[in-house]
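Examining the three-dimensional arrangement
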Amino acid sequence: MPGGNWPCQKPPWGRLTAVNSSTGDIAWQVRLGVTDQLPEGRQNTGRPALAGAIVTGGGVLFIASTDDNRFRAFDARTGTQLWVTRLERRGNANPITYQGRNGKQYVAVVATDMVAVYALP
């Protein structure tokens with residue numbers, strides 16, 4: 001298949017896993033990342049990741065470390081993807097969250113040589 005340097009093993013090539021800290025059991029696990037070069041319906045492969053995630057007090061998990069250049073939000077309790085956006089570059093740092101002077105909460109991530117910032121509703 002043309003167009004990529006892919007791992008030699010069968011997908012998934014990347015996962016996001018939540019662990020119940022009380023029991024050590026896996027609470028949920030999802031494939032993290034897509035391979036855009038593959039045909040639709042086969043793109044949900046998961047992708048290698050470079051950095052970690054954060055979770056807000058409201059239970060939203062943010063991560064932007066896959067090489068598909070996406071910044072994603074998940075429900076930390078269920079693993080349901082809530083939001084995704086495409087970045088100009090790869091997210092290569094753990095996201096941060098902060099409260100602005102205007103009282104709004106923001107989430108930001110470094111994506112190679114830029115910073116992407118989003119206001120939370």
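Everything in this summary refers to the structure shown in the same document. (Residues numbered from 1 in each chain as written. Predicted model: local features only at pLDDT ≥ 70, side-chain atom pairs only at ≥ 80, totals over all residues. Heavy atoms only, no water.)

**Some remarks on the sheet that holds strand β9 (residues 114-119)**
Spatially, the three strands line up as an open sheet ordered β7-β8-β9, and their pairing is antiparallel. In the strand order of this sheet, the two ends are held by β7 (96-99) and β9, each with one partner. Strand-to-strand twist of the sheet, defined as the mean angle between neighbouring strand axes without regard to direction, takes the value 30°. For strand β8 (residues 105-111) and β9, the ladder comprises six bridges, and the chain directions are antiparallel. Bridge pairing in β9 links Ala 111 to Met 114. (Pairing = 2+ DSSP bridges. Helix = DSSP H or I, 4+ residues; strand = E, 2+ residues; numbered from the N terminus. Axes fitted to C-alpha atoms, helices over the stretch in contact; angles between N-to-C directions.)

**Some points on the nonpolar core**
Ile 54, Phe 62, Ala 64, Phe 71, Ala 73, Leu 87, Val 107, Val 109, Ala 111, Ala 116 and Leu 120 together form the largest nonpolar core, which totals eleven residues. Of all the elements in the fold, those that place two or more residues in this core are β5 (70-75) and β8. The element best represented in this core is β8, accounting for three residues. Leaving out residues up to four positions away in the same chain, Leu 87 has contacts with Ala 64, Asn 69, Arg 70, Phe 71, Val 109, Ala 111, Ala 116 and Tyr 118. Residues Leu 16, Leu 61, Ile 63 and Phe 74 belong to the second largest nonpolar core, which totals seven residues. (Core = buried A, V, L, I, M, F, W, Y, C linked by side-chain atoms within 4.5 Å. Buried < 20%, exposed > 50% of the residue type's maximum accessible area, 1.4 Å probe, protein only. Contact = heavy atoms within 4.5 Å.)

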